[in-house]
Structure formats: structure tokens, C-alpha cells
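A structural walkthrough
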Amino acid sequence: MDIKRRNNVRVGGSGNATLLFVHGFGCDQNMWRLLEPDYSKRYKTILFDLVGSGGSDLAAYDRDKYGTLQGYADDAIEIIDQFANGPVIFVGHSVSSMIGMLANIKAPEKFAAQVMVGPSPCYINEGDYFGGFERKDIEGLLETLESNYLGWASTMAPAIMGAPDQPELGVELTNSFCRTDPEIAKHFARVTFMSDHRADLPRLTAPTLLLQCDEDIIAPIEVGEYMHKVLPNSKLAIIKNVGHCPHLSSPSASTDAIDTFLATEGL
Amino acid sequence: MSAAKPLSPETQSALDLAACGLLQTDGDGRVLRVNRTFCNWTGFEPQDLIGQRKFQDLLTMGGRIFHQTHWAPLLQIQGSVSEVKLEIVHRDGRSIPMVMNAQRHTAAGAVVHEIAAFVARDRDKYERELVESRKRLEALVAEATRLQAEAKDRAVFAEQMVGIVSHDLRNPLSTIQMSTAVLSRGDATPNQQRILGRIARATERAGRLIGDLLDFTQARLGKGIAVSPKPIDLQAVIADAVDELAQAFSGRRLRHVREGEGSCNADADRLVQLVGNLVANAMTYGTPDAPVTVLSTVGESTFTIAVHNEGTPIAQDVLPDLFTPMTRGANEANAGRSVGLGLFIVGEIAKAHGGRVSVTSTVEAGTVFSAVFPRHDA
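Residues numbered from 1 in each chain as written. Chains lettered and ligands numbered in written order. Predicted model: local features only at pLDDT ≥ 70, side-chain atom pairs only at ≥ 80, totals over all residues. Heavy atoms only, no water.

1. Quick look at the side chain of T180 of chain B
Checked against the element boundaries, T180 of chain B lands in helix α5 (residues 121-185). Residue classification places T180 of chain B among the buried positions, given a relative accessible area of 7%. (Helix = DSSP H or I, 4+ residues; strand = E, 2+ residues; numbered from the N terminus. Buried < 20%, exposed > 50% of the residue type's maximum accessible area, 1.4 Å probe, protein only.)

Okay, here's the thing in C-alpha cells:
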């Protein structure tokens, strides 16, 4: 199995330490395009697409393997083994921060630190725990995905509306960014939003930065505060950002928070 | 947040009359401008939206998640989205499916999103029906495939059973035959000899039937009937076969017509079996007061065995299926006589030799079954 092809791995930058950027549900490694170039000046960087997303090999999408996040965690470990030459700093967005946690718990010697961007260990409210959603909200998401079914593959490409302000992106992003097989998208959504990894949190001893947006419906502040309480070794940085993707909408604030954390950890 | 600069009355009027819903929001989704059409569709007044709500607040919960995971990142990175279908929640709570385009630009250093929306109820209905149809179709195909596999399994199993049972019947039959032979060589009264004769003939018939069933099984399981071709004197083999058959059908007339002669490469026992099956058929279905004729012809590169009988012709629409196992001609009076394998085996014997069978049947000319064979190993 050609891992580079399977996960569309891109290696760049140079430096003593290595940053592994892992996108979450929705879209692909292009989500890091406002952050990674800066870090590649100071660190070795590895970008890849989760199997089923972006430019990954869709044929490698095994519903059993990727029926839990552990399947993705195992892939991440394989990528670290092949492309990194030492413990990495895992930068995971959204559900991928849980993927990083699972990989870290399985192979702690391969990880130096965790940066979790908009993380959540469980999205569904339960008892006193506030995850942000009721189960019916998640069913509603799956229905939304279903009803956009016929518009998935080439939808949302700049072919129709163009890419104003950044015309150079128009060509390279046509039909690849956010392209997903509708069935895979539905399955990944279900796996992501039905997952519950609260019990694993106490087992993550690596130094962890929680990058929390102040207005994020997917990873609300209550979740960030919960994680900060339960994780053995974490720091909580709250960023002024409406939405779930501070690495896109507030890149400099994100970079500042990450740099501060890395300096404190001596990385 | 600063309100958008008011538009001139003419501009606002033109936007209000647009045939689609139009909104303008800031980078976080807060509504800056909205046209009349969008307000009419969603039940909100402009003052309910401008500066009061974010675009994403108007979506269903599923839509809001999608907005965060796909819509917003796309607008950030590629600056536009197109043909996204989401449900907008009307002020009174019902959902309206809308297809939307959006683009992002900067004005005076601030990010602005322009959104155009079309109500898509019919399209939505159509799409849902398509998705449902496709699901139903996939389910049907899966079911059909499953049934087909099941049927195939059953057929193979049944045919294997036939083979196993037939094989196992040979032993008891053999015992009966041997015992009958011993008894008839000993002190049996004439009446008992007659009875022993009947037992012997019935046992022979049973043996032939078992042979047919075994051949059938072998052929159906793909191996084809086994033949061991050798150079034979065809006319002599057929003449002997006709003699034996004439004894078996002693009340009827059986003729042998021969043309040509010479050595042919074939399995003599199988040819005898073939002639026997065709003659038995002819005797069963042909008219009893006319003779059955066996015609054996040796040509230059082929030889032919044909059997002719007079009588009611076979219906034309039945002719193509005659060599298929388990089908029978129209003569219902003889329905109890066989399981319909005779002709199938005739066809398989011909095929195993590289030959083929055919049949013609008319009132004037009667019925003729022909088997043509290559004379030498091809």
C-alpha cells in the first residue's frame, strides 16, 4: 500500500522539530494553507488527507476500518513512521484532534505534543455534559448531507462563481477542494459526530494546547473548558473567532497562540 | 458593527424587484443588506435581519453544521460557493429548501459575502424522488442477485443429488440382476421363468434409466458426456444395434437402410445408446402401423445416423426445445414413460463427438431425427 498516494502526503519545510497537520470533517489539507507556509520556514511540515477526503485514494476507504476513529489514528502512525524522523507535534482540527489523541495513546514515543484546534471529545449532550447537540441535531445533519446528495461531487467548485480576490486559486482548486464521495461523507459524518472519547482524555499525558474559538457551535466553549479540566497536561487558549475554523478566519491569532505554546514546551 | 451604507432608492428598488433572494453579510455572517424577495420568502422584515441575525442562524441545525464544516471554509479559501442546497427556516418554523450561490470580496478592508438564493421546492422534491428510486433500485438488484445465487445453488445441489442417488442405485440393481440370472439357470417352472424374464427386463430398463440420469448429471455439471472414440466399422455397429432393438420391439417393424461404408472414429457403445434412444422415441410417438427406419450413411468427411417414423408431426413451436432435458413432446398418452432425458443425451453424445443433431417433422414426410458426426478426429 503506497501510503503517500493513499493519503496524498506532502512533506515540506525544514527544522529540528516536525509538525503534522491533520484536517477534520469537511474539506482537506488545503485548510492549512494560511498557517503551514509560515511554519515551514521554521519546522519540517507534513500535510495529508484523511482517507475518503480530498486527494486521498477513495478506493482505500474501508467502512469497517474507518467505522471508528482508530482507523485514522493507525494511518497517522504509519505516516509518522514513514515521513517523520522523530516525535511529531500533532496539529489536529476538530475530530482529528481526537485522532491525534488516540494515536498518541497507542504510540506515545512518536509524539512530542498535541495542538487541538476546535476539539471535542463528544458532540452529543448527555446528563450534565454539554456537547452542543441533541441526537436529533446530528440526524438532521445526516439528512442535510443526504439532500445535497446530487450536488456533491463538483459542487461548490469555483468553476461557476470564480475565486474572486484570489484568482490564482481558481484553477488549482477546481473540483478537488471539498470534493467527497457522498456515501463516504455521510459515513464519516456519522462516525465523527456519534463518537465519544471522553473516557480516553485522562490517558493523554503529552503536553496539549486547546485552541478554543469563542463562538463555535461545533466545539463550544463549555467543551473546551471540560477538556482542560480532564486532560492531565493541557493549556487552554481562547481565540476571538466566530466559527469553527480559526486557522482560516483568524490565522495570526492562531499562530500566536501556537507559537507561545511551542516556546513554553521548548519545541 | 457598522451598518451598510444606505442604497439609493432606485438601487434598493431594483434589488427588491429581483427574482431571487439577495443578502449581503459581513465575514462572520451578520446580515448587512437584504432584498424584499428574500424577506417575502422567509417571513422576516429587513429590520429583523439587518444587524440582528447571522445568515447561519436562518439554517436548520444540520445546515449550521454544514455551514461551519464546508460553506465557510470554502468561502474563505476559494472565495465562492455555488449550487449549495440548504433549508432556510421560515419565521413560522417551516423549512424552505433553497439553492444558493455566494461570493466573498473585500470592501474598504472588510470582508463581505454576497449571497443569492432561489427557492427550490420542486427541484428538492424531484431530487428526493430520484434518491428514493435509486435506493429502491439498489435494493431490488441486491435481492435479485441473492435470489439468483440461491436458485443456482439449489439447481447444482439437485443435480448432484441425482448423480449420487443414481450411482448408489446401481448396486442393488446389480444384485437383483445377478440373483435373477442364478434363479433362471436353476429349477424354475415355465411360469417362474416368464416371471424371471419380466424381472430381468424391468431391471434392465431401470439400469438404462440410471445410466441416462448419470449421463445427464455429468453433462449438466459441465463435464459433458464421456466418450472414448476409436476407429469402428460404423455400418456393422449400427446393424447389430438394430438387430437387438428389433428383438426388444418384437411387435413392431424396424428397418435398417445403409449407404456408404468405411471406418469412422467414434465410441461404439455411445452410438448404440444414441440409436436406442432415438428408436425408443420413434416407437413411442410414431404411428404403430408404419415401420421405423434407421438410416446410417457414411460420407466423405462425415457420417450420419437418422431415425424416421410416420405419424402425428411434432408441433413446430416445440421443435427447438426437444433436446432440452425434462421437456416432452405433445403426446400426453405416453407421459408416464420417461423423464425426458433421452433426446438430451442424444444431443450430448453428438456434441461430445464434435457433431450435432437436428429434427424435421411434417405430415407428408413424417419425423426424422438426424445426428451428423465428423468421420475422423477433427
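From this point, the discussion proceeds with the structure in view.
2. Let's talk about the nonpolar core
L20 and F193 of chain A together with W71 and M100 of chain B are the most contacted members of the largest nonpolar core, which totals 80 residues. Among the elements that take part in this core, helix α3 (residues 69-83) of chain A stands out by supplying eight residues, more than any other. Counting 41 residues, the second largest nonpolar core, distinct from the first, contains L254, V292, F344 and F373 of chain B. (Core = buried A, V, L, I, M, F, W, Y, C linked by side-chain atoms within 4.5 Å.)

3. Some words on unusual backbone geometry
Here S94 of chain A, not a glycine, exhibits a phi torsion of approximately 55°, which is positive. By the element assignment, S94 of chain A lies in the loop between β4 (88-93) and α4 (95-106). For S94 of chain A, a relative accessible area of 5% puts it in the buried group. Positive phi, close to 55°, is recorded for A108 of chain B, a residue that is not glycine. Within the secondary structure, A108 of chain B is located in the loop between β4 (95-107) and β5 (110-119).

4. Observations regarding the sheet that holds strand β6 (residues 208-215) of chain A
All names here are of chain A. The seven strands lie next to each other as β1-β3-β2-β4-β5-β6-β7, forming an open sheet whose pairing is mixed. If you trace the sheet from one side to the other, it starts and ends with β1 (10-13) and β7 (234-242), each paired once. Taken over all neighbouring pairs, the strand axes of this sheet differ in orientation by 20° on average, direction set aside. One ladder, built from five bridges, connects strand β2 (residues 18-22) with strand β3 (residues 44-48); its direction is parallel. Bridging across to β3, T18 finds its partner in K44. Contacting β1, β2, β3, β4 and β5 (111-117), α3 runs over the sheet at an angle of about 140° to β3. (Pairing = 2+ DSSP bridges. Axes fitted to C-alpha atoms, helices over the stretch in contact; angles between N-to-C directions. Contact = heavy atoms within 4.5 Å.)

5. Re the packing of helix α5 (residues 135-147) of chain A against helix α8 (residues 182-193) of chain A
Residue and element names in this part refer to chain A. Taken N-terminus to C-terminus, the directions of α5 and α8 make an angle of 170°; their axes are 10 Å apart at the nearest point. If you check the angle between α5 and α8, you find them roughly antiparallel. Both α5 and α8 take part in a crossing whose hand is right-handed. Only A185, K186, A189, R190 and F193 of α8 make contact with α5, whose side of the interface consists of I138, E139, L141, L142, L145 and E146. For the contact of α5 with α8, the per-class residue count stands at seven nonpolar, no polar and four charged. (Parallel < 35°, antiparallel > 145°, perpendicular 65-115°, else oblique. Left-handed = near helix turned anticlockwise from the far one by under 90°. Nonpolar A, V, L, I, M, F, W, Y, C, P; charged D, E, K, R; others polar.)

6. Examining the packing of α5 of chain B against helix α6 (residues 190-220) of chain B
All names here are of chain B. Contact geometry of α5 with α6 gives a least axis separation of 9 Å together with a crossing angle of 160°. As the angle between them shows, α5 and α6 are arranged roughly antiparallel. In terms of crossing hand, the pair formed by α5 and α6 is left-handed. Looking at the contact of α5 with α6 residue by residue, the classes come out as 13 nonpolar, eleven polar and four charged.

7. Observations concerning α5 of chain B
Over its 65 residues, α5 of chain B runs 95 Å from end to end, which matches the ideal 96 Å to within 8%, given 1.5 Å per residue. Remark: the principal bend of α5 of chain B, roughly 25°, maps to N171 of chain B, with a proline, P172 of chain B, within the next four residues. Every buried residue of α5 of chain B is listed here: D124, E127, V131, E159, G163, S166, L173 and T180 of chain B. If you follow the buried residues of α5 of chain B, they end up packed against α5 of chain A together with β3 (80-89), β4 and α6 of chain B. (Expected span 1.5 Å × (residues − 1). Bend = angle between axes of the 7 residues up to and from the residue.)

8. Comments concerning the pairing of β6 of chain A
All names here are of chain A. With six of eight residues buried, β6 is to be regarded as a mostly interior element. In this structure, β5 lies alongside β6, joined through four bridges in parallel fashion. Pairing of V117 across the sheet is with L211, part of β6. Two elements, β6 and β7, share seven bridges in a ladder whose sense is parallel. Across the sheet, the residue bridging to L210 is L236, located in β7.

9. Considering the packing of aromatic side chains
Residue and element names in this part refer to chain A. Under the definition given, this model contains 14 aromatic pairs over all chains. Between Y66 and Y72 the ring centres are 4.6 Å apart and the planes differ by 35°, which places this aromatic pair in the tilted class. Given the relative accessible area of 1%, Y72 is considered buried. A network of ring pairs unites the aromatic residues F25, Y61, Y66, Y72, Y123, F188 and F193 as a single cluster. A cation sits over an aromatic face here: R198 above Y129, 4.5 Å from the ring centre. (Phe/Tyr/Trp six-rings, centres within 6.5 Å; stacked < 30°, edge-to-face > 60°. Lys NZ or Arg CZ within 6 Å of the ring centre and 35° of its normal.)

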